[in-house]
Amino acid sequence: MLSRLRRAAESACAKPLTTAERLSAATHLLSSLEYIVRRTDREPGGLNDWAHTRAQVPAKTKAMQAVKDFIAREPVTQALHGSRALAAAVLISPVKNNKVRMAANAYLAGSQLLIYPRHLFGTDGSDQVSFLVQTAAALGRAGGTDATRTAAVQFIGAQTVLSYGASGWAKLPGDAWRSGDALAKIMRTQTYGDEWFYNQLEKYPAVSRAVCHTVLALECGFPLLLLKKGKYIDAGLLVMGAFHVANARFMGLSRFAWAFASTYPSVRALAKGTGEAA
């Protein structure tokens, strides 16, 4: 009976963590495959031409600068992304060994720190979220106990709640968000815009403002979903998940959907306060 209860407890705290690892690893996998295929940004004259970005991330020591210069060599950059793709594949696979998964998590987190200066311009919030998830998972598994893995789950969940709330609160001072014009202005840009969606927003300005205000309200109020033992957390996560899918379609932020979705089981476990996070 005790062994059965122990296995149930381990499964309960492992499920959100394993899901976080796998979906976040998919973010790393997509990212590295994109960098392997797309070299133009790193070529001479490109956005991340090392001849120019090198000065943007100066090292404090000559040894560290030598490491950065070595990583910036294209064959090394390619090999590093190839190894990151393999580590991500390990985490996506059914492998259950705690030490193997810890090592893969640690490698993804550590290599992301090493490779960051090489892709200084173009990284976004999905990279930060996936780094956070892999780092937390590595530390949680390094402890090797239910308590440390549960702590990792709770940290990931709390950080996600904070991220949504902070994103909304940071938008509040902006006149464009309060007036409801921000969404249309974003859709008008070349980098994150979509011509068809922009035309629809211009055609129906009342709907445009309503969607903009809804996004603002959802983000600002997201932390409130932790109240009443997460009574409405499932609905909230469903809506935010749809929000990220829409962003993937209209803004090209596909990795955001994988990165944030990876944290949802942890958010749910934190809100419910059940055995999933105990």
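Labelled according to an unreviewed UniProt entry, the protein chain appears under the name HTTM domain-containing protein, originating from Streptomyces halobius.

Colleague: Account for the packing of helix 6 (residues 125–143) against helix 13 (residues 254–261), naming residues and giving values.
Modeller: Here helix 6 crosses helix 13 at 25°, and the two axes come no closer than 9 Å. Of the possible angle classes, the one that applies to helix 6 and helix 13 is roughly parallel. In the crossing of helix 6 with helix 13, the sense of the turn from one axis to the other is left-handed. On helix 13, the residues that touch Gly125, Ser126, Asp127 and Val129 of helix 6 are Arg255, Phe256, Ala259 and Phe260. Tallied by class, residues from the contact of helix 6 with helix 13 come to four nonpolar, two polar and two charged.

Colleague: Give a description of the side chain of serine 126 that names residues and reports values.
Modeller: You can see serine 126 is positioned in helix 6. Using a relative accessible area of 0% as the deciding quantity, one classes serine 126 as buried.

Colleague: If you had to explain the packing of aromatic side chains to someone new, which residues and values would you point to?
Modeller: By the definition in use, this model includes five aromatic pairs. When the ring of phenylalanine 256 is compared with that of phenylalanine 260, the centres are 6.0 Å apart and the planes differ by 10°; the resulting orientation is stacked. You can see phenylalanine 256 and its partner phenylalanine 260 sitting in helix 13, four residues apart, about one turn around the helix. Pair check on accessibility: phenylalanine 256 and phenylalanine 260 agree, each one buried. Members of the aromatic cluster, each reached through a chain of ring pairs, are Tyr164, Phe222, Phe256 and Phe260. When the ring centre of tryptophan 177 is taken as origin, the NZ or CZ atom of lysine 171, which lies over that ring, is 5.2 Å away.

Each value, and the rule that gives it
- Residues numbered from 1 in each chain as written.
- Predicted model: local features only at pLDDT ≥ 70, side-chain atom pairs only at ≥ 80, totals over all residues.
- Heavy atoms only, no water.
- Axes fitted to C-alpha atoms, helices over the stretch in contact; angles between N-to-C directions.
- Helix = DSSP H or I, 4+ residues; strand = E, 2+ residues; numbered from the N terminus.
- Parallel < 35°, antiparallel > 145°, perpendicular 65-115°, else oblique.
- Left-handed = near helix turned anticlockwise from the far one by under 90°.
- Contact = heavy atoms within 4.5 Å.
- Nonpolar A, V, L, I, M, F, W, Y, C, P; charged D, E, K, R; others polar.
- Buried < 20%, exposed > 50% of the residue type's maximum accessible area, 1.4 Å probe, protein only.
- Phe/Tyr/Trp six-rings, centres within 6.5 Å; stacked < 30°, edge-to-face > 60°.
- Lys NZ or Arg CZ within 6 Å of the ring centre and 35° of its normal.

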